[in-house]
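Fold and contact review
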Amino acid sequence: MMAGRLSFRNITALAPMVRVGTLPMRLLALDYGADVVYCEELIDIKMAQCQRVVNEVLETVDFVAPDDRVMFRTCEREKDSVVFQMGTADPDRALIVARLVEKDVAAIDVNMGCPKEYSTKGGMGAALLSDPDKIEAILRKLVSGVSLPVTCKIRILPSLEETISLVQRIEKTGVTAVAVHGRFKEERPRHPVHCDYIQAVSQAVSIPVIANGGSLDLVKTNADIEEFRKATGASSVMLARSAMWNASVFSSRGPFPVEEVMEEYLKYAIRYNNHAFNTKYCLCQMLRDKVESPLGKQLQAAQTNAEISEAYGLQEFYQQTQKQLQTKRDALQSSSQPERLVMDGDVTTMAVKFERREYPPHITPKMFLLEWSRKEKLEQPLYEMVQRSQDRAFQATVTVAEKKYRSSLWEKSKKFAEQAAAIVCLRVLEIPEGRIGEEDSGLVCKRKREAKMNGTTEEEGSNKRHIADIKQET
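Note that the structure is a prediction, hence the values are computed from the model and not measured.

Focus: the side chain of Asn 55
The residue Asn 55 is located in strand 4 (residues 51-55) in this model. Separated by 3.0 Å, the side chain of Asn 55 and the backbone nitrogen of Leu 58 make a polar contact. Discounting residues that sit within four places of it in the chain, Asn 55 has contacts with Thr 60, Asp 62 and Arg 73.

Thoughts on the pairing of strand 16 (residues 394-400)
The side chains of a regular strand alternate between the sheet's two faces. Across the 7 residues of strand 16, 7 count as buried, placing the element largely inside the fold. Of the two faces of strand 16, the one carrying Phe 394, Ala 396, Val 398 and Val 400 and the one carrying Gln 395, Thr 397 and Thr 399 are both buried. Bridge count between strand 15 (residues 382-387) and strand 16: 6 bridges; the pairing is antiparallel. Of the residues in strand 16, the one forming a bridge with Val 386 is Gln 395. Pairing analysis gives 4 bridges linking strand 16 to strand 17 (residues 403-407), with the strands arranged antiparallel. Across the sheet, Val 398 pairs through a bridge with Tyr 405, a residue of strand 17. Counted between consecutive antiparallel strands, the loop separating strand 16 from strand 17 contains 2 residues, among which Ala 401 sits at a positive phi close to 50 degrees.

Looking at the packing of aromatic side chains
Applying the stated criterion across every chain, the model contains 7 aromatic pairs. Ring geometry for Phe 72 against Phe 84: centres 5.2 Å apart, planes inclined by 75 degrees, an arrangement best described as edge-to-face. Here Phe 72 is found in strand 6 (residues 70-75), whereas its partner Phe 84 is found in strand 7 (residues 82-87), with 12 residues between them in sequence. Side by side, Phe 72 and Phe 84 carry an identical accessibility label, which is buried. Grouping aromatic residues by their ring pairs yields a cluster made of Phe 63, Phe 72 and Phe 84. Residue placement shows Arg 288 over the ring face of Trp 245; its charged tip is 3.7 Å from the ring centre.

A few points about the nonpolar core
Ranked by internal contacts, the top residues of the largest apolar core, which has 115 residues, are Met 47, Phe 84 and Tyr 312. A total of 8 residues in this core trace back to one element, the largest contributor, which is helix 10 (residues 258-271). Membership of the second largest hydrophobic core comes to 24 residues, among which are Trp 372, Ala 421, Ala 422 and Leu 426.

Some thoughts on the pairing of strand 10 (residues 177-181)
Counting buried residues along strand 10, 5 of its 5 residues qualify, which places the element largely inside the surrounding structure. Side chains of strand 10 alternate between two faces, with Ala 177, Ala 179 and His 181 and Val 178 and Val 180 buried alike. With 5 bridges joining them, strand 9 (residues 150-155) and strand 10 adopt parallel strand pairing. What sits directly across from Cys 152, in strand 10, is Val 178.

Side note on the sheet that holds strand 6
With antiparallel pairing, the 3 strands of this open sheet are ordered in space as 4-5-6. Each edge of the sheet is formed by a strand with only one pairing partner; in this case those strands are strand 4 and strand 6. Averaged over all pairs of adjacent strands, the angle between their axes in this sheet comes to 25 degrees, without regard to strand direction. Here strand 4 runs beside strand 5 (residues 60-64); their pairing, made up of 5 bridges, is antiparallel. Counted as the bridge partner of Val 54 is Val 61 from strand 5. Sheet strands in contact with helix 1 (residues 23-32) are strand 5 and strand 6, and its direction is about 30 degrees off that of strand 6.

What about the confidence of the model for the protein chain?
Considering every residue of the protein chain, the mean pLDDT works out to 89; 90% of them sit at 70 or more. Every residue in residues 446-474 scores below 50 in pLDDT, and together they form 51 contacts with partners more than four places removed in sequence or on other chains.

Considerations on helix 7 (residues 195-204)
Among the residues of helix 7, Cys 195, Tyr 197, Ile 198, Ala 200, Val 201 and Ser 202 are the ones counted as buried. Buried-residue contacts for helix 7 involve helix 6 (160-171), strand 10, strand 11 (209-212) and helix 8 (222-232).

A short note on the packing of helix 7 against helix 8
Between helix 7 and helix 8, the least distance of the axes is 7 Å, while the angle of their chain directions is 65 degrees. For the element pair helix 7 / helix 8, the angle class is roughly perpendicular. Between helix 7 and helix 8, the contacting residues are Cys 195, Ile 198, Gln 199 and Ser 202 on the first element and Phe 228, Ala 231 and Thr 232 on the second. Tallied by class, the residues present in the contact of helix 7 with helix 8 amount to 4 nonpolar, 3 polar and no charged.

Section: the sheet that holds strand 15
Spatially, the 5 strands line up as an open sheet ordered 13-14-17-16-15, and their pairing is mixed. Lying at the two open borders of the sheet, with one neighbouring strand each, are strand 13 (342-344) and strand 15. Within this sheet the neighbouring strands show an average axis-to-axis angle of 30 degrees, counted without direction. Helix-sheet contacts for helix 15 (residues 365-375) involve strand 15 and strand 16, and the interaxial angle to strand 16 is about 15 degrees. Strands strand 14 (347-350), strand 15, strand 16 and strand 17 of the sheet are contacted by helix 16 (residues 414-428), whose axis makes an angle of about 40 degrees with strand 16.

What counts and what doesn't
- Residues numbered from 1 in each chain as written.
- Predicted model: local features only at pLDDT ≥ 70, side-chain atom pairs only at ≥ 80, totals over all residues.
- Heavy atoms only, no water.
- Helix = DSSP H or I, 4+ residues; strand = E, 2+ residues; numbered from the N terminus.
- Polar contact = N/O pair within 3.5 Å; in protein donor to acceptor, adjacent residues only side chain to side chain.
- Contact = heavy atoms within 4.5 Å.
- Buried < 20%, exposed > 50% of the residue type's maximum accessible area, 1.4 Å probe, protein only.
- Pairing = 2+ DSSP bridges.
- Phe/Tyr/Trp six-rings, centres within 6.5 Å; stacked < 30°, edge-to-face > 60°.
- Lys NZ or Arg CZ within 6 Å of the ring centre and 35° of its normal.
- Core = buried A, V, L, I, M, F, W, Y, C linked by side-chain atoms within 4.5 Å.
- Axes fitted to C-alpha atoms, helices over the stretch in contact; angles between N-to-C directions.
- pLDDT = per-residue confidence, 0-100.
- Parallel < 35°, antiparallel > 145°, perpendicular 65-115°, else oblique.
- Nonpolar A, V, L, I, M, F, W, Y, C, P; charged D, E, K, R; others polar.

See below:
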C-alpha cells in the first residue's frame, strides 16, 4: 500500500448515516477517537451537478448544488480520515463524482446495503446486491479511475454461500476493504445481527472486512467494540446508532454524559454553519427518550442555530463565533485584489462571481444596472446566454450603450450568470452595485418600493414589458 493511503485494518469507524454523517458529527467522532469517518450517502446524480467551492470564511471545501445547497462540506481536519460514500448505479457517473471529490477525501465508498426506497428505486443501495455484474463494473471503474482507496458497504444475502461468493467477486475488483452489515435486506435494526455471516466472510477473503450492525445489543460501550470485532472475526468495526446516540463510545475513557457530547456537537454545528434543521435532527437523536423533556421541547421549537444555542445555554459562544466569521468575511473582502480587465474581442471581461450573501434580500446588481440605464436614458440592458455542454454551466454577456461585458467565470445557473455579467458592467463603469455595506446610492429604492406594492420585482416587471424571450428574474 502506498504511503499515506488510508488503512482499513484494525480501525473503528463512524458509519455512513443519512442526515447524521454531516461535518459536525464526523469531527465529533474523530475527537472521541474514531479512526475513520464516513459521510452520509450522497447520490451521484446530485453530486455530479455540484461545483467545488473553497469557503475561505469557514475554511472548508464545499460542494454546492445549482440551487445553492451545500451537498457536502469537508475541512482539513478530516481530510486524511473521511470516506466519501456515494449512492450510484452507473459506473461512468460514479467516476465523475469520485474525481470531483478526490482531492478532498481519503477514500471512496459505494453504498450497496441501504434498503430504503429512496436508494433502491434508482437501482442503488441494496438493489445492487441482485446485480453483481453492475457491482463489478462500478468498482472496477473506480479502482482504475482514481488514486484513492475504493471500498463498498453491503448487506448479507439470503444464503451464506451467496454472500461469500459476492464478497470474493468484490475482492477481485481491487477494492481496499468491504464493510458488511450483518443483516438481510429485509431486516431492520430491531433484528439481531448475524455475526456468523460476517465471520465467514472475514475468513473467505484477504482484504479487511469491517463489521457493522452491532449497535442493538452488542456495542454499548467502548469495550464492547473489541468484543464485537472478536465475535465477527473482522479486521475492523463500524458503528452507526451507538455512535449517533453518544459519539463518546469511540473513547476509551468514555462514555461521557450525553449533555456534554451534545454541547460539543453543537459547537461544531455553529462553527461550520451547519443547517439548523440538520443540527436539530442530530441533537434529537442524542436526546432519545428525553426528546419530550423541557430541553427537548425547546429544541424542537427552535428554527435557527441561534435558537438552538439558546436552548443549550451557548448564546455567547454563538455570538462570538458569528463575530469571528464576520470579521473574517470583512478581512477577505478588503484584502481582495481589484479585478483585472481583459478584452475578449469586443467584450470586456473580468473574473467575478455573483455571491448572493453579499447583497441584501430583493436587491441585485441587475436591478442597479437597469435603474442606472434608465437614469441615463439608455436602452435597457440586453443579456445573451450560452451554456457549456460538459458541466451545463452558464455564461452571460450584457450589452449596455452598445458595449458588451461578461464574467470570465462560469456560473451554475442562468440567473447567477446574468448577475455576474451585470457586476462586470457596473464595476467597469464604477457604478454602485448594491452590496451590503455599500453607501446608499438611491438608485433602486423608489422603484423597489413600487414593485413590492405591485407584488413583483423590478426586474420581473421590466422583463415582462420589454424582453419576453429572456428568462425573468424571480
